[in-house]
Each structure stands twice: as C-alpha cells, then as structure tokens.
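An overview of the molecular structure
Each chain, written out:
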Amino acid sequence: MSRMLPTVAAFGIVFFCLTLWCSVTVARMRDLPTWRRFLPLTLFLIAAGASLLRAFDIPEVANAVAFPLNLAVVLLSLREFRSRRQHTREADRPAR
C-alpha cells in the first residue's frame, strides 16, 4: 500500500504538467480565434481552482469537477494540434 501513494502522486504530477503544457501551447497559437485559444487554459485554471478546494476540506467539488475538466483540456488541445497539423499539410501541398 505504501508504494501506491508515490505512484499516484507521480501520475498526478505528470498529468498536471501535461494539461498545463497543452493549454499553454494552444494559447500560443495565434491563428486561432481568441475564445478557442484560451478555452483550454480557462478550463485548466477552473480545474486547478476546484482542486484547491481540497485544502478547504471540500473534496466533493474537486472530485466531481477537476479530473473531467483536465481531461477536457487534453482532448481539446489534441484536437487543436491535429487541426493545425492538417491545415499546415494542406497548405504545404502543391496546387494542381
């Protein structure tokens, strides 16, 4: 049981860093509309705020909100990454 806590903590830290990196990377994409650029970052900050509620002994909100929002951040960011990659591929293709 004592080995489980460091594993869970490591997963949490890696997932936190992944969501932070994804949301900041999308926010730096200047070719997107403003609301699409900052949606992942906003969701990430809301999830972080919900996670902080655990410190005030309100874990129900954090349990219900934080992980789904972080998952949404990653999925939205991946969608934007794929969309950008596809757009640059189409732009690099020679016209026929």
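Look up: the structure comes first, before these words.
Keep in mind it's a predicted model, so treat the numbers as computed, not measured. (Residues numbered from 1 in each chain as written. Predicted model: local features only at pLDDT ≥ 70, side-chain atom pairs only at ≥ 80, totals over all residues. Heavy atoms only, no water.)

Examining helix α3 (residues 59-92)
Going by this rule: Helix and strand definitions here come from DSSP, where helices need a minimum of 4 consecutive H or I residues and strands a minimum of 2 consecutive E residues; each element is numbered from the N-terminal end. Expected helix span is taken as 1.5 Å per residue step, with the number of steps being one fewer than the number of residues. Given a residue, its bend is the angle between the two axes fitted to the seven residues that end at it and to the seven that start from it. Working definition: with a 1.4 Å probe on protein chains only, accessible area under 20% of the residue-type maximum means buried, over 50% means exposed, and in between means partly exposed. What makes two residues a contact is simply this: any of their non-hydrogen atoms within 4.5 Å.
Here α3 contains 34 residues, and its C-alpha end-to-end distance of 49 Å stays within 8% of the 50 Å for a straight helix at 1.5 Å per residue. Maximum bend of α3: about 25 degrees, positioned at V65, with proline P68 one to four residues after it. What α3 keeps buried is the set A62, A66, L69, N70, V73, V74, S77, E80 and F81. Packing partners of the buried residues in α3 comprise α1 (4-27) and α2 (34-52).

Remarks on the side chain of E80
To keep things clear, this is the line we draw: Any N or O atom pair separated by 3.5 Å or less is treated as a polar contact, with the protein-specific requirement of one donor-capable and one acceptor-capable atom, and with residues adjacent in sequence counted only for side-chain atom pairs.
Among the structural elements, E80 can be located in helix α3. Of note is the side chain of E80, whose polar atom sits 3.4 Å from the side chain of R79. With residues up to four places along the chain from it excluded, the contact list for E80 reads V26, M29, L32 and R36.

What about α1?
With 24 residues, α1 extends 35 Å from end C-alpha to end C-alpha; this agrees with the ideal 34 Å at 1.5 Å per step. Listed as buried for α1 are F15, T19, C22, S23, V26 and A27. Elements that come into contact with the buried residues of α1 comprise α2 and α3.

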